[in-house]
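Notes for the structure review
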Amino acid sequence: MTGEPRSGANGGSADTAKTGAQMRLDRLIRRAGTIVLWERLWPLFVPVLAVIGGFFAAAWFGLFLLPFEWLRLALLGLFGLAFAWVLIRIPVRLRLPSRDDALRRIETVSRLDHRPITALEDRLADAASGHATKALWAAHLRRMAARLKGLSAGIPSPRVDRLDPLALRALLVLVLVVGYFYAGEERLGRVLAAFQPPGRAEIVATRIDAWVTPPVYTGKAPIFLTGPIAAAGPAQHAVPEGSVLVVRFSGGSGLAVTAQSEGREETVQPVAAGKPEATPDAAPAEHRLELLKDATVTVMRGRDRITAWTFAVEPDRNPEIRALDNPAGLARGAIELVYAIEDDYGVVSAAAEFAQPDDEKAAAGADEPRPLYGAPELSLSLPQARTRNGRGRTIRDLTRHPWAGGTVTMTLIARDEAGQEGRSDRLRFALPQRPFSKPLARALVHERRRLALDANKVGKVTDALDALTLFPDRYMPEKGVYLALRAVRYRLLNAVDDDDLRDVVDLLWEIAIGIEDGDLSFAEQALRDAQQRLMEALERGASDEEIERLMAELRQALNDYFRELAEQAMRNPHMAAPDPNAQIMRPDDFERMLRQMENLAKSGARDAARQMLSEMQRMLENLRTGRMATAPDPQMRQMQEALQELRDMIRRQQDLMDRTFRMAPDQGRQQPGERGGEQPQQNGNQGELGQLQQGQQALQQALQDLLQQLQQGGIDPGRGLGRAEGDMGRAGEELGRGQPGAAVQDQSSAIENLREGAAGLAEELANRQAAQQGRIGAGEDDTDPLGRPQRTRGPQFGESVKVPDEIDAERAREILEEIRRRLSERERFELERNYLERLLDRY
């Protein structure tokens, strides 16, 4: 009786353990069966993906676009058979997993021995076994169920590497990625091309690239007609005249590009390497069309229209040039032209074209003259490179040309980079000639001009030379002139061709200017040539080395000219005494202009340098005839000297401030305006601080002396210079107390006040010069005595290009040198060095 309940209890426990374990086992078996199915299915499905991937790769790389229809169909059939074969293999070779397969995977992955899962599936052979047997069986089942808690079905491992030991599948993935980007927007079209009927595949999949390249001189960016950028573009494209349309397509044949303009249609022939293609079906094909008028360009295949673009061509207008004033003859016969230039994309060159009037030709007589020279050539200076809108001035010496002194017609011509020309109205005037004061020089120039204009008059010129040399003792005190003229006569008689006659013409000119001015005329011509070479170099953007070399040549030519001018004044005492109402230009004044011009060119301000060179040319032309202003009164001269001294003081004060700044203990961390709290420097720096104090006191004394001189001369120095003197005094006291940080503040204030005082003094000087112009008669053309535009007048020529004054130019040069010096110091932080490099690039 007692054993039955025990037996029933043991049996119920075994059934409960088996039921719970069986449920967990069933879930695990289903998962293991799914994994086994995947491991068997994936190796069979990989060939399917490989065939599909190979098909897409072949399509994206254009294998179905080859011009051989049979090859496209063969490839398509091959991929179709391969795809069908790998699909058929799946149901044939796939074996669905059984329960035993799932159990075997679980036991293998879980590393079980004695097959505990199978034990749960077992049944007692004799259901009527005794209680002891059933208890033992139940204990066995509980022990097996406990071992099932750590079971796992694992993760799928299809082992595709066994199927592909060389890992070619990775290569296929790489080819697919490359092909995807290679096909671009034509991916779908290239895939669909494989399934198109014969003759239609290329229409679907041909890649077309098209863009418009405007001329370089327009400065406009290319216009893309295909791709994502063109999708949002306008329906009609506005392009400059002369733009080149490029249409390039690949992957197809039989395409044609047609252009329709003004009711006419033409076919655009393909090109390769700049030559027409022999076979238009070659791939890739490129078509180029220069757009000169509004046009519609269409890409066609037979009668099928693939795409089209419409262009509105913006015409390139001809340049415009006009004279702003009648040609003016300057001092020594040089001609001055002032003109306005305008063009939509910029003028690259300009010139003046001369011709003889028709009535002058008719007056020459019935005999046809035989001139030795053609019309003079004169290139015009541009306000800046590629001038779009501006005013220019050109000064050239044409007195050496035989046409000088005669009536001519002149037409100004401007050219743009496209080769188009713009012409001004024809002007008629007398070409300026060089004035000669000595009768013999005038006579030689007259005979020279007669021979140059008509070589048939050799006999008459020879007779004139005989007459001029008839009484050498009376008219030719210098024996060299007589010998030179006799040599010219014999060379004229023995001339063989026109080249010999032209040599005689040149020799007559050299003799004439030698008689008139001696070596001064040769120095003057060398100076003009040096100016012309430098102007041309600035216009074409020559290198800094060439500019420096030409600047040295101009400086040498200028020194030679002034030396000859001084020697001529010594040889002619009556010329040595200047007019009391005439201002004498010193060579130092021109030397300062040369230095400023050189600094402007080095700093990149080429237009300002050219403008200053033009002003120098005008000043020299005025200097040659004595067209200078009256000498300034003593106050004006004193103001000019004071300005020069102030420039030097500003430079010296800047140097002192830089040295004091380096002595400051906080190296600039003190905020502007802070003075208190600075400790005196230690004895190690007292010596250098003492030197700085002495330099500051000496500069203060120099400023006090200058202020006293100005006040004694009746000139109001202004408040700025007085404040600067006080700042210098305070800075000296602070340096004496060993406080360089506080001294820097006063030194900076002194520099600002010095500049303010100098600016006020310069303005006062300019006002006095402008007031004096009414007395000397130089105000008629709004220029100062040197021919420069007045700052106190209205807008003048050249205001479009600001020429920095000497203080600004010198300060800019000092800043550049300081930046380069600090940049060369390796101990500076990288952040500071990067900032200095950006500053240097901006300069």
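Residues numbered from 1 in each chain as written. Predicted model: local features only at pLDDT ≥ 70, side-chain atom pairs only at ≥ 80, totals over all residues. Heavy atoms only, no water.

Now for helix H24 (residues 719–736). With 18 residues, H24 ought to run about 26 Å at 1.5 Å a step, and its terminal C-alpha atoms sit 26 Å apart, in line with that. Within H24, burial applies to Gly-720, Leu-721, Ala-724, Glu-725, Asp-727, Met-728, Gly-729, Ala-731, Gly-732, Glu-734 and Leu-735. Trailing H24 by a residue or two, Gly-738 shows a phi angle of about 75°, which is positive. (Helix = DSSP H or I, 4+ residues; strand = E, 2+ residues; numbered from the N terminus. Expected span 1.5 Å × (residues − 1). Buried < 20%, exposed > 50% of the residue type's maximum accessible area, 1.4 Å probe, protein only.)

Let us look at the sheet that holds strand E5 (residues 255–261). The pairing of strands in a sheet happens through backbone hydrogen bonds and is either parallel or antiparallel. Reading across the sheet, the five strands line up as E3-E11-E10-E5-E6 and stay open at both edges, with mixed pairing between neighbours. This sheet does not close on itself; its edge strands, each paired only once, are strand E3 (236–240) and strand E6 (264–268). On average, each strand axis in the sheet is inclined to that of its neighbour by 30°, with strand direction left out of account. As judged from the seven bridges shared by strand E10 (residues 295–301) and strand E11 (residues 304–314), these two strands associate in the antiparallel manner. By the bridge assignment for E11, Thr-298 is matched with Ala-308. (Pairing = 2+ DSSP bridges. Axes fitted to C-alpha atoms, helices over the stretch in contact; angles between N-to-C directions.)

Glancing now at the environment of Leu-103. Looking at the element boundaries, Leu-103 is found in helix H3 (residues 99–110). With 71 residues separating them in the primary sequence, Leu-103 and Ala-32 have C-alpha atoms 7.7 Å apart.

The next point concerns a nonpolar patch on the surface. A grouping of Phe-61, Leu-63, Leu-66, Phe-68, Trp-70, Leu-166, Leu-168, Leu-171, Leu-174, Val-178 and Tyr-182 is seen on the molecular surface, where their side chains present a nonpolar patch of about 1,100 Å² in accessible area. You can see Tyr-182 is positioned in helix H7 (residues 168–183). Taking relative accessible area as the criterion, Tyr-182 reaches 44% and is therefore assigned partly exposed. (Patch = residues over 30% accessible without salt bridge, like charges linked within 9 Å, V, L, I, M, F, W, Y side chains within 5 Å. Areas by Shrake-Rupley, 256 points an atom, 1.4 Å probe, with all protein chains shown as cover. Salt bridge = Lys/Arg side-chain N within 4 Å of Asp/Glu carboxyl O.)

What follows concerns the packing of helix H15 (residues 479–493) against helix H16 (residues 498–517). Axis angle and axis distance: for two packed helices, these are the angle between their axes and the distance between the axes, and together they describe the pair. Between H15 and H16, the shortest axis-to-axis distance is 10 Å and the interhelical angle comes to 165°. Here H15 lies roughly antiparallel to H16, going by the angle between them. When you trace H15 past H16, the crossing you get is left-handed. Facing Val-481, Ala-484, Leu-485, Val-488, Arg-491 and Leu-492 of H15, the residues of H16 in contact are Leu-501, Asp-503, Val-504, Leu-507, Leu-508, Ile-511 and Ile-515. Residue classes in the contact of H15 with H16 are distributed as 11 nonpolar, no polar and two charged. (Parallel < 35°, antiparallel > 145°, perpendicular 65-115°, else oblique. Left-handed = near helix turned anticlockwise from the far one by under 90°. Contact = heavy atoms within 4.5 Å. Nonpolar A, V, L, I, M, F, W, Y, C, P; charged D, E, K, R; others polar.)

Along the polypeptide, Ala-210 turns up in strand E1 (residues 207–213). Residue Ala-210 is classed as buried on the basis of its relative accessible area, which comes to 1%. In this structure the C-alpha to C-alpha distance between Ala-210 and Phe-249, which are 39 residues apart in sequence, comes to 8.4 Å. Non-local contacts of Ala-210, meaning those with residues more than four positions away in its chain, are made with Phe-224, Leu-225, Thr-226, Val-246, Val-247 and Trp-309.

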